[in-house]
Amino acid sequence: MRILSGIQPTNVPTLGNYLGAMRNFVKLQEEYKDADILVFVADLHSITIPKDKSELKKNIKNLAALYIAVGLDPKKTHIFIQSEVKEHSELSFILECNSYIGEMERMIQFKEKSVKQGQTVTTGLLTYPCLMAADILLYDSNYVPVGEDQKQHVELTRDLAIRFNNRFGETFTVPEPLIRKSGARIMSLQDPLHKMSKSDPNPKGCISLLDDINEAKNKIRRAVTDNLGVMAYDKENQPGLANLIDIYSLLEDINVPNILEKYKGLGYKEFKEDLAEIVGKTLEKIQTKYNEIINSKELDTILDEGREYATTLARKKINKVHKKMGLGRN
Ligand code: AQP
């Protein structure tokens, strides 16, 4: 069985990326001991919205180091950088030629992001789902751990795989999305109706995994709540507080009723103070490991091994695709 997932190096990952994705990759390592797991830095995906060269370089390396810092074990999980395995772009083009513009235009993410971009929306943003399908299909991935927002892209990948198999003969494994029910959507600390995002221009709303620890604690202390002053879990009327309770629950592995019981009759101040400490400890642990690995030779060795492993699998699949379609001489 093979499981594959990736994150875009659009900025330093946030606590939301950690709780909604990275931490789950680590859990998968333990839960699926026999599975072949590949986790990559989706740098090609990140350029669908143009990026500054030096920022991109830095973010790629940071994300690779953070994968290890949060607990991915390179002995169990192959970690690589997407653009270093050329077959991703190659299969992406082939899939573009087996998909329809209407399918791409229907993707919710394209509709949302293209509205924000206006006239400067790139062609890459439209064809992004074909690249994502290529990422998945190159490795015959059975499961793709994604957030609810990416489910539509995995469904499109399934359609493309089935279409290709019907047209050219059995070639691709049809994947399934793996969506964790407990992986809450972490919201902005300043605007709890919008998700915490690494490209949020307001740094107060999101905690980056590389934030200064005291600064991160202050962000929790100053997080927007409400003036009801009652410790309750009510997403509709107290969305800011509910978000903080979700973060507490996930980081401490305590369920919501137990948290409410613990803070019954106490003010938000005590709760926020404890949560600030919990977040601080989490970041400290991640940053200690990150500092050990970021400038080490070990990081390059891990990424070289990941690239070699991924390339061997990907090349084999691309050769098969070429044969099935009649491309080249063989
Ligand atoms: N706030 C969040 N809560 C829970 N999970 C989240 N994820 C992202 N934000 C939250 C999950 O993290 C993974 C990262 O996916 P991505 O980098 O490919 O892009 P994204 O989903 O668009 O993440 P961001 O942080 O919002 O990036 P930008 O700002 O660049 O668009 C996914 O599994 C996602 O579900």
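Sequence order sets the numbering: in each chain, residues are counted from 1 along the sequence as written. Selection of residues for local features in this predicted model requires a pLDDT of at least 70, selection of side-chain atom pairs for listing and counting requires 80 or more, and totals for whole chains, interfaces and linings are taken over all residues. Just so you know, side-chain values use all the structure's heavy atoms and leave hydrogens and water out.

A. Inspection of the pattern of salt bridges at higher detail. Each salt bridge in this description consists of a side-chain nitrogen of Lys or Arg and a carboxyl oxygen of Asp or Glu lying within 4 Å of one another. Per the counting criterion, the structure on display carries 16 salt bridges. A salt bridge links Lys289 to Glu292; its shortest N-O distance comes to 3.8 Å. Of this pair, Lys289 and Glu292 both sit in helix H12 (residues 268-293), separated by three residues, roughly a single helical turn. Take Lys289: its relative accessible area is 31%, and that puts it in the partly exposed class. Each of Glu84, Asp304, Arg307 and Glu308 takes part in one network of salt bridges that share partners. By the criteria applied, helices consist of DSSP H or I runs no shorter than four residues and strands consist of E runs no shorter than two, each listed in order from the N terminus. Relative accessibility decides the category of a residue: with a 1.4 Å probe and only protein chains considered, values under 20% of the type maximum give buried, values over 50% give exposed, and everything between is partly exposed.

B. Highlighting the site of the ligand. Any residue with a heavy atom lying within 4 Å of a molecule or strand is counted as near it. Taken together, the neighbourhood of the ligand is formed by 18 residues, with Thr10, Ile186, Ser197, Lys198 and Ser199 sitting nearest. Two N or O atoms form a polar contact when they lie within 3.5 Å of each other; inside protein one atom must be a possible hydrogen donor and the other a possible acceptor, and for residues adjacent in sequence the pair counts only when both atoms belong to side chains. Residue Lys195 places a side-chain N or O atom 3.0 Å away from an oxygen atom belonging to the ligand. Between an oxygen atom of the ligand and a side-chain N or O atom of Ser197, the distance comes to 2.5 Å. Protein chains shield 91% of the accessible area of the ligand, which is 640 Å² for the free molecule. Shrake-Rupley sampling with a 1.4 Å probe provides the accessible areas, and residues are treated as covered by the protein chains on show and by no other component.

C. Representation of the domain arrangement of the chain. An automatic or database domain assignment provides the domain bounds reported here. Domain parsing of the chain yields domain 1 (2-179 + 296-325) and domain 2 (203-291). Inter-centroid distance (C-alpha atoms) of domain 1 to domain 2 is 31 Å. Any two residues having at least one pair of non-hydrogen atoms within 4.5 Å are treated as being in contact. In this assembly, 14 residues from domain 1 lie in contact with 13 residues from domain 2. When residues of domain 1 are sorted by the area they lose upon contact with domain 2, Leu15, Leu19 and Ala69 head the list and together hold 39% of the total. Once two parts are put together, the accessible area they lose, assessed with a 1.4 Å probe and summed over both, is termed the buried area.

D. Just the packing of helix H3 (residues 53-69) against H12, in detail. For helices, the fitted line uses only the C-alpha atoms of the stretch in contact; every axis is such a line through C-alpha atoms, and the angle between N-to-C directions lies from 0 to 180 degrees. Running from N to C, H3 and H12 point in directions that differ by 125°, and their axes come no closer than 8 Å. In this view, H3 runs oblique relative to H12, as classed from their interaxial angle. In the crossing of H3 with H12, the sense of the turn from one axis to the other is right-handed. Within the contact between the two elements, H3 uses Asn62, Ala65, Leu66, Ile68 and Ala69 and H12 uses Ile286, Lys289, Tyr290 and Ile293. Roughly parallel here means an angle under 35 degrees, roughly antiparallel means over 145, roughly perpendicular means 65 to 115, and every remaining angle is called oblique. Crossing handedness follows the turn of the near helix against the far one: under a right angle anticlockwise gives a left-handed crossing, and clockwise gives a right-handed one.

E. The environment of Asn59, seen in detail. Topologically, Asn59 is positioned in helix H3. Sequence-distant contacts of Asn59, that is, excluding residues within four places in its chain, are made with Pro9, Thr10, Asn11 and Val12.

F. Up close: the packing of helix H6 (residues 108-117) against helix H7 (residues 123-137). One way to put it is that H6 packs onto H7 with a least axis distance of 10 Å and a crossing angle of 165°. Regarding the angle of H6 to H7, the classification is roughly antiparallel. Of the two elements, H6 crosses H7, and the hand of that crossing is right-handed. On H7, the residues that touch Gln109, Phe110, Lys113, Ser114 and Gln117 of H6 are Leu125, Leu126 and Tyr128. When its residues are assigned to classes, the contact of H6 with H7 shows four nonpolar, three polar and one charged. Under this grouping Gly is polar, as are all residues other than the nonpolar Ala, Val, Leu, Ile, Met, Phe, Trp, Tyr, Cys and Pro and the charged Asp, Glu, Lys and Arg.

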